[in-house]
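# A structural walkthrough
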Amino acid sequence: MKALNNENKFNLLLKKWDGDRTCYDLAPYHTILKHIKQVGITLSDKSESELEVMAKNLKKMVYENPDLDSHLPQVYALVGEVIKRKLHINPYDVQLIGAIALHQGNIIEMQTGEGKTLTAVFAAILNALTGKGVHVLTFNDYLAKRDADWMRPIYGYFDLTVSHVDGQMDQILKKDAYNTDITYATAKEMGFDYLQSNMAYAKGEMVIRDFNYAIVDEADALLIDEARNPLVMAGSMENTYLDPYEIAKFVEGFQRNRDYLLNEYQTDLYLTDKGIEKVEKQYGLSNLFEEINQPLHASINLALQAAVLLNRDIDYVVREKSIKLVDELTGRINEDRKWQNGLQTAVEAKEGLPIQTEGTVLSSISIQHLMRLYPKLSGMTGTARDAAEEFDNFYGLGVVVIPPNRPLCRIDFDDAVYADKTGKYKAIVGEIKRVHSLQRPILIGTLTIKESEELLAELQKHQLYCELLNAKNDAYEAQLISKAGKLGAITISTNMAGRGTDILLGGGDPVERVKVVKLGGLHIIGTNRHESIRIDWQLRGRAGRQGDPGSSRFIVSLEDDLMVRYRLRELLPKKYRQTAGKGQLAHPVYARTIAQAQRIIAAQMFEIRKTLLHYSTFVEQQRKFTLAKRQEIFHGEDEKKAHILNLWDLFWTNHLNFTNQLRSGIYWERVAGNDPLRVFFQKADQQFREKVKETEERIQMLQTNKLHHSIKRPSTTWTYIVNDNPFQNKIGIFLSSSGNIGFQIDLLVGPVMFLMKLARRMLKPRPNQKE
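It should be emphasised that the depicted structure is a prediction, and the values quoted were computed from it without experimental measurement. (Residues numbered from 1 in each chain as written. Predicted model: local features only at pLDDT ≥ 70, side-chain atom pairs only at ≥ 80, totals over all residues. Heavy atoms only, no water.)

### Topic: the pattern of salt bridges
Under the convention used in this document: Each salt bridge in this description consists of a side-chain nitrogen of Lys or Arg and a carboxyl oxygen of Asp or Glu lying within 4 Å of one another. Here a helix means four or more residues in a row that DSSP labels H or I, a strand means two or more in a row labelled E, and each is numbered from the N terminus. Relative accessibility under 20% of the residue-type maximum defines a buried residue, over 50% an exposed one, and the middle range a partly exposed one, all with a 1.4 Å probe and only protein chains included.
One pass over the structure, following the stated rule, counts 40 salt bridges. Residue Glu-431 is joined to Arg-553 by a salt bridge in which the shortest nitrogen-to-oxygen separation is 3.2 Å. Taken together, the residues Glu-431 in helix H18 (residues 421-436) and Arg-553 in strand S23 (residues 550-557) connect sequence positions 122 residues apart. Residues Glu-431 and Arg-553 agree in their burial class; the two are buried. Its salt-bridge partner being Asp-536, residue Arg-529 comes within 3.0 Å of it at the nearest N-O pair. Just as Arg-529 is buried, Asp-536 falls in that class too. Through salt bridges with shared partners, a single ionic network connects Arg-410, Asp-412, Asp-415, Arg-529, Asp-536 and Arg-540.

Written out as structure tokens, the structure is:
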């Protein structure tokens, strides 16, 4: 392992003083590793039958002495020996160190190609020996099945059962899968099954057992980027009287700066006086801001957001007559995901598609709170250290940085920054032609599906033919990405397509591999910088696996979405802001400023996630209280069990929809000079207490035959993940929460001036009103 120089040691010391729980010192792990290897030496000469007896005896040993730490050296040594014999793979020391850190409940940082899948097996086996179950949470259904099947011979050797779960399984198959010792699944699917099990009316309807231990793959993506997105179980609801198609048609005639204004980041809009008058005239209203007109006002704003701010093939795609959302960080198409509070409906109406109702929310839990239900949690990712503070703050998890098995020799070139997109794309094509002429394989990471398709068309004009991956079919694209290291291969990919699959130089052909290595390995080109620098590092990490040669370069412009949305030019010194006609901007100030912008954005997003957590944590405590009441009845002997369960379900459904509506408009409390978070707590608590009392009174009446209650269960239910309204929640809730003054003052000016103007308008008498 490379020694730390004095400067690095000083920086690490400063981080520790600042409360950073990132661990770079692996000396304690080497002590345990030494013990594992000592045991391993004694196993190499064992016969197959002797090894099988030892493996099968582990469950008994753990039953007699449940202290797993004391069994770790023997278990890990046995697992390593079995892997050698069954898979013909010799686990690296760094994999064993990673496995120790996983068992201890940490997030481990291991680079791409270092063998995270195999590392997880050690910790999964050790913890599964208790009989309480282990969940390995993967990035998609394809990886869940692939990894479960791949490792089945290892688990079976220890008399442990393994399975995977996917959305196509029926309830019986799922129940069987969750009852195995080790279950591979996505967090999304497991979360949906958790929600459904907790709304069961008979024990046969429950598919999932109590949580014990989870190992999260791609931990930063799930525990940080996806953390705030709620998993939702919904049922049928009554239709609104408003016609979304008519409203979508109506707003087509609205003009920017006349009927509506955009905020400075082009992430939100609001009606002008002329726009308000236009709506009032169209619908015969005297005052759009009266409470009775709130649904129409909201629908108009949502229709405008859909028309102006959401772009087809960038923010979403249309497939099979339905809207499929595109992940803003990864460029992936997200199945089973919707916007909430009417935005999904507005986009469907804009595109002339059938309206697929969001339904009444029956139950919901954020991924963040779902993960906190595990008594023990750990995870793996190639980019953990940049999220160490959030892992600690949100989950109490430390980060352990595992060095690569072989030194990294990838060359990461400085960014090539251009004044405009025209120069940028000309440079990208030129770079591809230059590298391709050498027959080096190239992987190009794009921000959006639209961009990847446009780049493909441009390359075809130059007789450069390539594979295009848009994260539409995980199994198929895993095959394609595995071949991206072949001689002369050009692959265009949205950033997360093919995730979880190594790119082997030569595509697995040993002879071809030698040629690619001599040429310099895989070359990565990034066409955009991202809000999260972790996404940039994940793209770079596709090259240089296991000490292979490789290189990477980002080719960007000041007209890129990130630069425009966050006004990067204003961060530049004045003399560097005028760039028209300059082509490549070689001065290092541009690359430094982009990096500075990413750090600012990361800090802002962290604060926003902390603020949103305050809201969701309060409701989560209410959910736990309600679930405890329900479970008491579910496991009891009450004669009217189903009726009582239904009363609690109706209570929670109504309360959840109340809190969703309350939160969606809570930032208006700032107009009245109130603390929105405090108001939310007060109103949600008051409503909760009143309705709990009302429900308990109804249950008492039911039990004494003074109440007739018909069980009301939805005829159909479905599940989806909510994408926070990208225009409403992030900045709005953040600005409205107390203590968040860290934003620059100029960010406040637009929204605050609008709120003041709106308040004056609401208080001003309309022509037909009396003062």
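Here the narrative resumes, following the displayed structure.
### Considerations on unusual backbone geometry
Phi is positive for Glu-218, close to 50°, though the residue is something other than glycine. Phi is positive for Gln-546, which is not a glycine, with a value near 50°. A relative accessible area of 7% places Gln-546 in the buried class.

### Overview of the packing of helix H7 (residues 116-128) against helix H8 (residues 141-157)
Here is the rule: A fitted line through C-alpha atoms serves as each axis, taken over the contacting stretch for helices, and the angle formed by two N-to-C directions is quoted from 0 to 180°. When describing relative orientation, an angle under 35 degrees is termed roughly parallel and one over 145 degrees roughly antiparallel, while 65 to 115 degrees is termed roughly perpendicular and anything else oblique. Should the near helix be turned anticlockwise from the far one by less than a right angle, the crossing is termed left-handed; should it be turned clockwise, right-handed. Two residues form a contact once any of their heavy atoms are found within 4.5 Å. Gly is put with the polar residues, along with every residue not named as nonpolar or charged; the nonpolar set is Ala, Val, Leu, Ile, Met, Phe, Trp, Tyr, Cys and Pro, and the charged set is Asp, Glu, Lys and Arg.
One can describe the packing of H7 onto H8 by two numbers: an axis separation of 11 Å at closest approach and a directional angle of 50°. It follows from the interaxial angle that H7 and H8 lie oblique. Here the hand of the crossing between H7 and H8 comes out right-handed. On H8, the residues that touch Thr-117, Leu-118, Val-121, Ala-124 and Ile-125 of H7 are Arg-146, Asp-147, Trp-150, Met-151, Ile-154 and Tyr-155. Each residue belonging to the contact of H7 with H8 can be placed in one class, and the counts come to 8 nonpolar, 1 polar and 2 charged.

### Topic: the environment of Tyr-194
As a reminder, the rule being used: Polar contacts here mean pairs of N or O atoms no more than 3.5 Å apart (in protein, one a potential hydrogen donor and the other a potential acceptor; neighbouring residues in sequence count only if both atoms are side-chain atoms).
With respect to the helices, strands and loops of the structure, Tyr-194 is situated in helix H10 (residues 187-197). Residue class for Tyr-194 comes out buried when judged on its relative accessible area of 9%. With sequence-adjacent residues up to four places away left out, Tyr-194 is seen in contact with Ile-208, Phe-211, Ile-365, Leu-370, Leu-373, Arg-623 and Leu-627. In terms of polar contacts, Tyr-194 uses its side chain to reach the side chain of Arg-623, at 3.1 Å.

### Focus on H8
Worth spelling out the cut-off: For a helix, the expected span equals 1.5 Å multiplied by the residue count minus one. Two axes enter the definition of the bend at a residue: one is fitted to the seven residues ending there, the other to the seven starting there, and the bend is the angle between them.
Taking 1.5 Å of rise per residue, the 17 residues of H8 would be expected to cover 24 Å, and the 25 Å separating its terminal C-alpha atoms lies within 8% of that figure. The principal kink in H8, of about 50°, is found at Met-151, preceding the proline Pro-153 by one to four residues. When we look at burial in H8, the residues that qualify are Leu-143, Ala-144, Asp-147, Ala-148, Met-151, Ile-154, Tyr-155 and Tyr-157. Lining the buried residues of H8 we find helix H3 (48-56), helix H5 (68-87), H7, strand S3 (134-138), strand S4 (162-164) and strand S5 (182-186).

### Here's the deal with the environment of Ala-306
With respect to the helices, strands and loops of the structure, Ala-306 is situated in helix H14 (residues 294-308). Taking the relative accessible area as the measure of exposure, Ala-306 reaches 0% and is therefore buried. Ala-306 sits 41 residues away from Val-347 along the chain, and the two C-alpha atoms are 5.2 Å apart. Once you skip the residues sitting within four places of it in the chain, Ala-306 turns out to touch Ala-346, Val-347 and Lys-350.

### Let's talk about the side chain of Glu-114
Cut-off, in case you're wondering: Lys and Arg are tallied as positive, Asp and Glu as negative. Neither His nor the chain termini are counted.
Inspection of the secondary structure puts Glu-114 in the loop between strand S2 (107-109) and H7. One buried charge, Glu-114, has no salt-bridge partner; the nearest side chain with opposite charge is Arg-545, at 7.5 Å. A distance of 2.8 Å separates a polar atom in the side chain of Glu-114 from the backbone nitrogen of Asn-405.

### Quick word on the packing of helix H9 (residues 171-178) against H10
Two elements in contact, H9 and H10, have axes whose closest approach is 12 Å; the angle formed by their N-to-C orientations is 105°. Regarding the angle of H9 to H10, the classification is roughly perpendicular. On the side of H9, the interface is formed by Gln-171, Lys-174 and Tyr-178, while H10 contributes Glu-189, Met-190, Asp-193 and Gln-196. Classifying every residue of the contact of H9 with H10 gives 2 nonpolar, 2 polar and 3 charged.

### Digging into the pairing of S23
Along a regular strand, successive side chains alternate from one face of the sheet to the other. Which entries qualify depends on this criterion: Whether two strands pair depends on DSSP finding at least two bridges between them.
Judged by how many residues are buried, S23 sits mostly within the fold: 8 of 8 residues are covered. Residues Gly-550, Ser-552, Phe-554 and Val-556 point to one face of S23 and Ser-551, Arg-553, Ile-555 and Ser-557 to the other, with burial holding for every one of them. Note: strand S17 (residues 411-412) against S23, 2 bridges, orientation parallel. Residue Ile-411 lies in a different strand from S23, and its bridge partner there is Ser-551.

### What to know about the sheet that holds strand S6 (residues 213-217)
The strands that make up a sheet pair up through hydrogen bonds in the backbone, lying either parallel or antiparallel. The strand order across the open sheet formed by 8 strands is S1-S16-S2-S15-S6-S3-S5-S4, and the pairing between neighbours is parallel. Looking at which strands have only one partner, the edges of the open sheet turn out to be strand S1 (22-23) and S4. Where S4 lies against S5, 3 bridges are found, and the strand directions are parallel. Its bridge partner lying in S5, His-164 is registered against Tyr-184.

### Description of the nonpolar core
Operational definition: Buried residues of nine kinds, namely Ala, Val, Leu, Ile, Met, Phe, Trp, Tyr and Cys, make up a nonpolar core once their side-chain atoms join them within 4.5 Å.
In this structure, Tyr-76, Ile-125, Ile-154, Tyr-155, Phe-158, Ile-182 and Tyr-184 are the most contacted members of the largest nonpolar core, which totals 58 residues. Tyr-155 has contacts with Val-121, Ala-124, Ile-125, Leu-160, Val-162, Ile-182 and Tyr-184, leaving out every residue within four places of it along the chain. The next biggest cluster of nonpolar side chains, apart from the first, holds 43 residues, and it includes Tyr-194, Leu-222, Ile-365 and Met-371.

### Here's the deal with empty space enclosed by the protein
Rules: Cavity means a closed set of points on a 1 Å grid over the protein atoms alone, one where a 1.4 Å probe fits but cannot get out, pocket means an open set with protein on both sides within 12 Å along at least 5 of 7 lines, and lining means a residue has an atom within 4 Å of a point. Grid points are joined across faces, edges and corners, and a volume is the space filled by probe spheres set on the points.
Per the stated rule, a full pass over the model turns up 8 cavities of 30 Å³ or more. By volume, the second largest cavity is sized at about 150 Å³. Lining the second largest cavity are 13 residues, and of these Asn-198, Ser-363, Leu-627, Arg-630 and Trp-652 lie nearest its centre. Every element with two or more residues in the lining of the second largest cavity is listed here: H10, strand S14 (360-366), helix H24 (588-634) and helix H25 (641-664). The element that contributes the greatest number of residues to the lining of the second largest cavity is H24, accounting for 4 residues. Its residues assigned to classes, the lining of the second largest cavity shows 7 nonpolar, 3 polar and 3 charged.

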